[in-house]
Amino acid sequence: MQTFMNQKSALVSEAIDGLIAASGGKVQRLDSTSHARIVLRSDWDKSGVAIISGGGSGHEPAHAGLVGAGMLTAAVCGDVFASPSVDAVLSGILAVTGAKGCLLVVKNYTGDRLNFGLAAEKAKALGHRVEMIIVADDVSIPGAARPRGVAGTVFIHKIAGGMAEQGASLEDIVAAVTTANTKIATIGVARDTCTMPGSPKQNRVEADMVEIGLGIHGEPGIETARFDTSKALVIEIARRLEVAIGSHGNRYAALFNNLGGLSGLEMSVLFNDFMQTPLAARLDYVAGPSAMVTALDMPGFSISLIELDEDYTHHLIAPLDCPAWCNLAKLTPVKEVAAPFLPDILDVGPSTDDAVRRVIEIIAECCVELEAEINELDAKVGDGDTGSTFAGAARAVMARIDQLPFADGAHLLASLSDIKSKAMGGSSGVLFAIMLAKASEAFKISQDWPKSLYAGLSAMQQYGGAQLDDRTMVDALRPAFESLMTDGSIANAAVQARAGAD
């Protein structure tokens, strides 16, 4: 399946029902007698100015996910990337508009302008007070005759919704958002276009390239380019935004928006890159990184800026209980706390026991000697690096061989555990470190090497989860340690280890 859905014709309706079911009763929709797919606040009583937005679906969580107190009163949803009909918009207006009127927030696309515009005129003819604002915040194509409305639209939603929630008049809301609308700039970039549900992907952008200014419906941007690092890309996007907003000293808030197809890991890296640009010094608040206005699964991001103004900033930054809205946070430097001190086990100082030292040296020499052979065996079932892992740990032990406390079994085992945990990669390094750490504790009590090693193996099994016959090193170690506890013979222990491994 390219898209998880039942029928393409029911995709939007079923998605709306899923959204409502997960809302905890905060939103609702018109009943099944209406063809309009409208999400509206459950607590709305028409006592204030209604804020209505919408457009094509596929931009989730916008628009329906932004319905709630302090944001949208209603969202009118069309098919994927298609404007809702005039009648659908009119139904939305009539459903939520009271005596104080409503504001339609529309992105600058022909279908939305026309359908919302005609619905507004029809509603006015029915005696309703209706105003409309068209957002055109895309500055990726300098000098464009009709800039697109993209992610910066949510700033208008937030300002208008906040003012309406506090009882502002339609006239005051229109005045504030009209001013704010001239102070928003957005640029988006993606490494591929989006996928229309039920249709093959275009794959328009070449591998290792990104497209700057790609629209939220997959419209072509201004250019494609290649960047060696995410930092180089973000520096260029920030530079273009600075050109668009000018060099004056005004302060800004930013929305760092996931266009739908980037991992959280990538978004955090990109945001960190953004915080290193000169533009970051001009920011007071930031929302994100978060998916707010998406383009289905487009692997890209957009950055929206809005110039802060005392007439609307407090509405913009006011906290909001809307799951899809990412509250603007005061921009602060990265905070650090002092790293805790990790004691070096070898601080106990060296001591001498020639017999014990020779055992350690033989084990280390054996691991180094067998490096290639074990790698070859591991390559048949894994990634072929186990021999190097063991040899690397052995070399780390030999590098500190003169510092080890050979005359103190407990401290020797603890020291070896510490070396393994730092120098031996993979699961085996941690497992051996656990075994030796527990063996160290046991040796303090028993002064018995086999019993201590067996206690360490039990701890390894507890944390690692392996049992006999699970085809792990436990199959060799356990019978070997049990044999040592019985007669103390290393030769017999080796026979038992070989049998267990076989």
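Refer to the structure printed above.
Predicted model, so just to flag it, every value in this text is computed and none were measured.

Let's talk about the sheet that holds strand 3 (residues 50–57)
With respect to topology, six strands assemble into an open sheet ordered 1-2-4-3-5-6, the strand pairing being mixed. Of all the strands in the sheet, just strand 1 (27–29) and strand 6 (130–135) have a single pairing partner and so form its edges. Each adjacent strand pair in this sheet contributes to an overall mean axis angle of 25 degrees, direction not counted. Relative to strand 4 (residues 74–80), strand 3 runs parallel, the two sharing five bridges.

Topic: the sheet that holds strand 11 (residues 283–290)
With respect to topology, seven strands assemble into an open sheet ordered 9-8-7-12-10-11-13, the strand pairing being mixed. Lying at the two open borders of the sheet, with one neighbouring strand each, are strand 9 (223–225) and strand 13 (329–330). Here two bridges tie strand 7 (residues 184–190) to strand 8 (residues 210–212), and the two strands are oriented antiparallel to one another. Residue pairing across strands places Ala 190 opposite Glu 211, the latter belonging to strand 8. Across the sheet, helix 6 (residues 230–245) touches strand 7, strand 8, strand 9, strand 10 (252–258) and strand 12 (300–307), and the angle it forms with strand 7 is around 155 degrees.

Description of the environment of Leu 316
Assignment of secondary structure puts Leu 316 in helix 8 (residues 313–317). Judged by its relative accessible area of 0%, Leu 316 falls in the buried class. Taking C-alpha positions, Leu 316 is 9.9 Å from Gly 70, a pair spaced 246 residues apart along the chain. Setting aside its immediate chain neighbours within four residues, Leu 316 contacts Phe 155, Lys 158, Ile 159, Ala 253, Ile 306, Leu 308, Trp 325 and Leu 328.

A few points about the nonpolar core
Leu 66, Leu 103, Ile 173, Ile 306 and Trp 325 are the most contacted members of the largest nonpolar core, which totals 61 residues. Contacts of Ile 306, omitting those with residues within four sequence positions, involve Phe 155, Ile 159, Ala 180, Lys 183, Ile 184, Arg 251, Tyr 252, Ala 253, Tyr 312 and Leu 316. Formed by 29 residues, the second largest nonpolar core is a distinct cluster that contains Leu 404, Phe 406, Met 435 and Leu 453.

A few points about the packing of helix 11 (residues 386–399) against helix 12 (residues 409–423)
In a pair of packed helices, the angle between the axes and the distance between the axes together describe the arrangement. Interhelical geometry of helix 11 versus helix 12 gives an angle of 130 degrees and a closest axis separation of 9 Å. Compared by their axis directions, helix 11 and helix 12 come out oblique. Two packed elements cross with a definite hand, and for helix 11 against helix 12 that hand is right-handed. For the pair helix 11 and helix 12, contact is made by Ala 393, Ala 396 and Val 397 and by Leu 416, Ile 419, Lys 420 and Ala 423, respectively. Looking at side-chain class alone, the contact of helix 11 with helix 12 contains six nonpolar, no polar and one charged residues.

Here we look at the packing of aromatic side chains
All told, the structure shown has five aromatic pairs when counted by the stated rule. Taking 5.4 Å as the distance between ring centres and 80 degrees as the angle between the ring planes, the aromatic pair formed by Phe 256 and Phe 271 counts as edge-to-face. Linking Phe 256 in strand 10 with Phe 271 in helix 7 (residues 264–275), this pair joins segments that are 15 residues apart in sequence. The same class applies to Phe 256 as to Phe 271, namely buried. Pairing Phe 443 with Trp 449 gives two aromatic rings, centres 4.7 Å apart and planes at 50 degrees, and the pair type is tilted.

Quick notes on the state of the cysteines
Covalent bonding between the sulfur atoms of two cysteines defines a disulfide. Evaluation of the coordinates by the stated rule reveals zero disulfides. Unpaired in terms of disulfides, Cys 194 finds its nearest cysteine sulfur in Cys 77, a separation of 18 Å.

Rules behind the numbers
Residues numbered from 1 in each chain as written. Predicted model: local features only at pLDDT ≥ 70, side-chain atom pairs only at ≥ 80, totals over all residues. Heavy atoms only, no water. Pairing = 2+ DSSP bridges. Helix = DSSP H or I, 4+ residues; strand = E, 2+ residues; numbered from the N terminus. Axes fitted to C-alpha atoms, helices over the stretch in contact; angles between N-to-C directions. Contact = heavy atoms within 4.5 Å. Buried < 20%, exposed > 50% of the residue type's maximum accessible area, 1.4 Å probe, protein only. Core = buried A, V, L, I, M, F, W, Y, C linked by side-chain atoms within 4.5 Å. Parallel < 35°, antiparallel > 145°, perpendicular 65-115°, else oblique. Left-handed = near helix turned anticlockwise from the far one by under 90°. Nonpolar A, V, L, I, M, F, W, Y, C, P; charged D, E, K, R; others polar. Phe/Tyr/Trp six-rings, centres within 6.5 Å; stacked < 30°, edge-to-face > 60°. Disulfide = S-S within 2.5 Å.

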